[in-house]
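Topology and contacts: notes
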Amino acid sequence: LERRRLGADCGRVDLVIQVKGLPPNFEDILKVFPAAAGPNTIFAYGDVIYVPSGNDLPQELYDHERVHGARQTQAGVESWWKLYLEDPVYRRDEEVVAHRAEYSSYCARNRDRNVRSRYLAQISARLASPLYGHLMSPREAQRLIVDKLR
């Protein structure tokens, strides 16, 4: 497995991208989310970001996963994942925080409001998708993502 260290600590947690890797709890994840088997799904596990496809992550996805990694480190990685997989409300709350960071990161580099709007629609649809267990509608996801950013 190829490993790359990305970025300085920036106040949260310095993550490693492990190209073409799967997290140690991948089988547990698949039991709850079969859609996670796709090659474009990304996983944070403590200070490691697992990217099964091996593709470089855009900054906004890196920032999304950094949020998960930091919160996992604070809560204890195994405890965080147990709650994430078992408790839909916890999962929703964790994903809203991470999607909010992702959108904020995207907006920092993209000033065009039409481009931002399209990206918001895209990540809202992802948050409302089967990947996370249909936690909400896309409209609700969009509202929650931008709620604390204004």
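Anything mentioned here points back to the structure above.
Cut-offs used in this document
- Residues numbered from 1 in each chain as written.
- Predicted model: local features only at pLDDT ≥ 70, side-chain atom pairs only at ≥ 80, totals over all residues.
- Heavy atoms only, no water.
- Core = buried A, V, L, I, M, F, W, Y, C linked by side-chain atoms within 4.5 Å.
- Buried < 20%, exposed > 50% of the residue type's maximum accessible area, 1.4 Å probe, protein only.
- Helix = DSSP H or I, 4+ residues; strand = E, 2+ residues; numbered from the N terminus.
- Contact = heavy atoms within 4.5 Å.
- Salt bridge = Lys/Arg side-chain N within 4 Å of Asp/Glu carboxyl O.
- 1 Å grid on protein atoms, 1.4 Å probe; cavity = no way out; pocket = protein on both sides within 12 Å on 5 of 7 lines; lining within 4 Å.
- Points joined across faces, edges and corners; volume = space filled by probe spheres on them.
- Nonpolar A, V, L, I, M, F, W, Y, C, P; charged D, E, K, R; others polar.
- Phe/Tyr/Trp six-rings, centres within 6.5 Å; stacked < 30°, edge-to-face > 60°.
- Lys NZ or Arg CZ within 6 Å of the ring centre and 35° of its normal.

Moving on, we come to the nonpolar core. Ranked by size, the top nonpolar core spans 29 residues in total, and within it Ile29, Trp81, Tyr84, Tyr103, Leu127, Met136 and Ile145 carry the most contacts. Counting only elements with at least two residues in this core, the list comes to helix 1 (26–32), strand 3 (43–45), strand 4 (48–51), helix 3 (77–86), helix 4 (88–109), helix 5 (113–127) and helix 6 (138–146). Other than its neighbours up to four places away in sequence, isoleucine 145 contacts His99, Arg100, Tyr103, Leu120, Ile123, Ser124 and Leu127. Core analysis: the next-biggest nonpolar cluster, separate from the first, contains seven residues, Ile17, Ile42, Val51 and Leu61 among them.

It is worth spelling out the pattern of salt bridges at this point. On inspection of all chains with the given rule, the structure shows seven salt bridges. Ionic pairing is found between arginine 71 and glutamate 94, a salt bridge with its closest N-O pair at 2.8 Å. Taken together, the residues span a long stretch of sequence, with arginine 71 in helix 2 (residues 59–75) and glutamate 94 in helix 4 at a distance of 23 residues. Measuring nitrogen to oxygen at the nearest pair gives 2.7 Å for the salt bridge that ties arginine 143 to glutamate 140. Taken together, the residues span about one helical turn, with arginine 143 and glutamate 140 both in helix 6 at a distance of three residues.

All right, on to the layout of surface pockets then. Taken as a whole, the largest pocket encloses approximately 420 Å³ of empty space. What lines the largest pocket is a set of 23 residues, and nearest its centre among them are Thr41, Ile42, Glu65, Leu131 and Tyr132. The set of elements that each furnish at least two residues to the lining of the largest pocket consists of strand 3, helix 2, helix 3 and helix 5. Tallied by class, the residues present in the lining of the largest pocket amount to 14 nonpolar, six polar and three charged.

The next thing to look at is the packing of aromatic side chains. Any pair of aromatic rings gets described here by the distance separating the centres and the angle formed by the planes. With the rule as written, the count across this model stands at seven aromatic pairs. Centroid distance tryptophan 80 to tryptophan 81: 5.2 Å. Interplanar angle 85°. Geometry classified as edge-to-face. Tryptophan 81 shares its class with tryptophan 80; the two are buried. Residues tryptophan 80 and tyrosine 84 carry aromatic rings whose centres are separated by 4.7 Å and whose planes lie at 15° to one another, so their mutual orientation is stacked. With tryptophan 80 and tyrosine 84 both in helix 3 and four residues apart, this pair spans about one turn of that helix. On the basis of relative accessible area, tryptophan 80 is assigned to the buried category, the value being 1%. Classification of tyrosine 84 by relative accessible area gives buried; the value is 5%. Cluster of aromatic residues (ring-pair linked, three or more members): Phe33, Trp80, Trp81, Tyr84 and Tyr90. The ring of tyrosine 84 has arginine 91 lying over it, and the distance from NZ or CZ to the ring centre is 5.9 Å.

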